[in-house]
Amino acid sequence: MNHNRKQKLAVVWTSGDRDVALKMVFMYTYNAKKMGWWDEINLIVWGPSSKLLCEDAELQEYI
């Protein structure tokens, strides 16, 4: 592994299930950023997750 290259992570959130967002997607991306596991983290909201996010104020606060 070349340690001079930035390590990038893209998480694609596609589930419309609220528990998946809270217990997997948000938890992992938050901790990955906080703990410095990756240099750059991008969360991609796609499909049913975008509808859920538009309708749920608590999830919007997490983002």
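Above this text is the structure in question.
Because the structure is predicted, anything quoted here is derived from the model rather than measured.

So, the overall build of the protein chain
Secondary structure summary: the protein chain contains three helices and two strands in total. Ordered by position from N to C terminus, the α and β elements of the protein chain give β-α-β-α-α. Considering only C-alpha atoms, the protein chain reaches an extent of 40 × 20 × 15 Å along its principal axes. Across the 63 residues in the protein chain, those meeting the buried criterion constitute 21%. Entry remark: accessible area of the protein chain is about 4,800 Å², with carbon and sulfur atoms responsible for 54%.

Section: the side chain of Asp-56
Among the structural elements, Asp-56 can be located in the loop between α2 (48–55) and α3 (57–62). Among the polar contacts made by the side chain of Asp-56, one reaches the main-chain amide nitrogen of Glu-58 at a distance of 3.0 Å.

Looking at a positive patch on the surface
Side chains of Arg-5, Lys-6, Lys-8 and Lys-33 sit close together on the surface and give a patch of like positive charge. Topologically, Lys-8 is positioned in strand β1 (residues 8–13).

With respect to α2
Taken together, the buried positions of α2 are Ser-49, Leu-52 and Leu-53. Looking straight down α2, one finds its buried side chains confined to an arc of 100 degrees; they lie on one side. What points out from α2, more than 90 degrees from its buried face, is the exposed set Lys-51, Cys-54 and Glu-55. Along its buried surface, α2 packs onto β1, α1 (18–35), β2 (40–45) and α3.

Side note on the side chain of Ser-49
Here Ser-49 lies in helix α2. Residue Ser-49 is classed as buried on the basis of its relative accessible area, which comes to 0%. Within the local environment of Ser-49, its side chain forms a polar contact with the backbone oxygen of Trp-46, the two atoms lying 2.9 Å apart. Residues contacting Ser-49, with those up to four places away along its chain left out, are Trp-13, Thr-14, Ser-15 and Gly-16.

Reading guide: rules and limits
For every chain, the first residue of its written sequence is number 1, and the numbers climb from 1 along that sequence. Totals for whole chains, interfaces and linings use every residue, but because this is a predicted model, local features are given only for residues with pLDDT of at least 70 and side-chain atom pairs only at 80 or more, for both listing and counting. In computing side-chain values, all of the structure's heavy atoms are included and hydrogens and water are not. The way it works is that DSSP assigns letters per residue, a run of H or I at least four long becomes a helix, a run of E at least two long becomes a strand, and they are numbered from the N terminus. Relative accessibility under 20% of the residue-type maximum defines a buried residue, over 50% an exposed one, and the middle range a partly exposed one, all with a 1.4 Å probe and only protein chains included. Surface exposure here means Shrake-Rupley accessible area, sampled with a 1.4 Å probe, where a residue is shielded only by the protein chains that are shown. Counting of polar contacts relies on pairs of N or O atoms within 3.5 Å, with two restrictions inside protein: one atom must be capable of donating a hydrogen and the other of accepting it, and residues adjacent in sequence are counted only when both atoms are side-chain atoms. Within the patch definition used here, like charges are joined within 9 Å and nonpolar side chains (Val, Leu, Ile, Met, Phe, Trp, Tyr) within 5 Å, considering only residues with over 30% relative accessible area and no salt bridge. Salt bridges are counted wherever a side-chain nitrogen of Lys or Arg sits within 4 Å of a carboxyl oxygen of Asp or Glu. Charge convention: Lys and Arg are scored as positive, Asp and Glu as negative, and His as well as the terminal groups of each chain are ignored. The atom standing in for a charge is NZ when the residue is Lys, CZ when it is Arg, CG when it is Asp and CD when it is Glu. Here the arc refers to the directions that run from the helix axis out to each C-beta atom. Contacts are residue-level and defined by heavy atoms, with any inter-residue pair within 4.5 Å sufficient.

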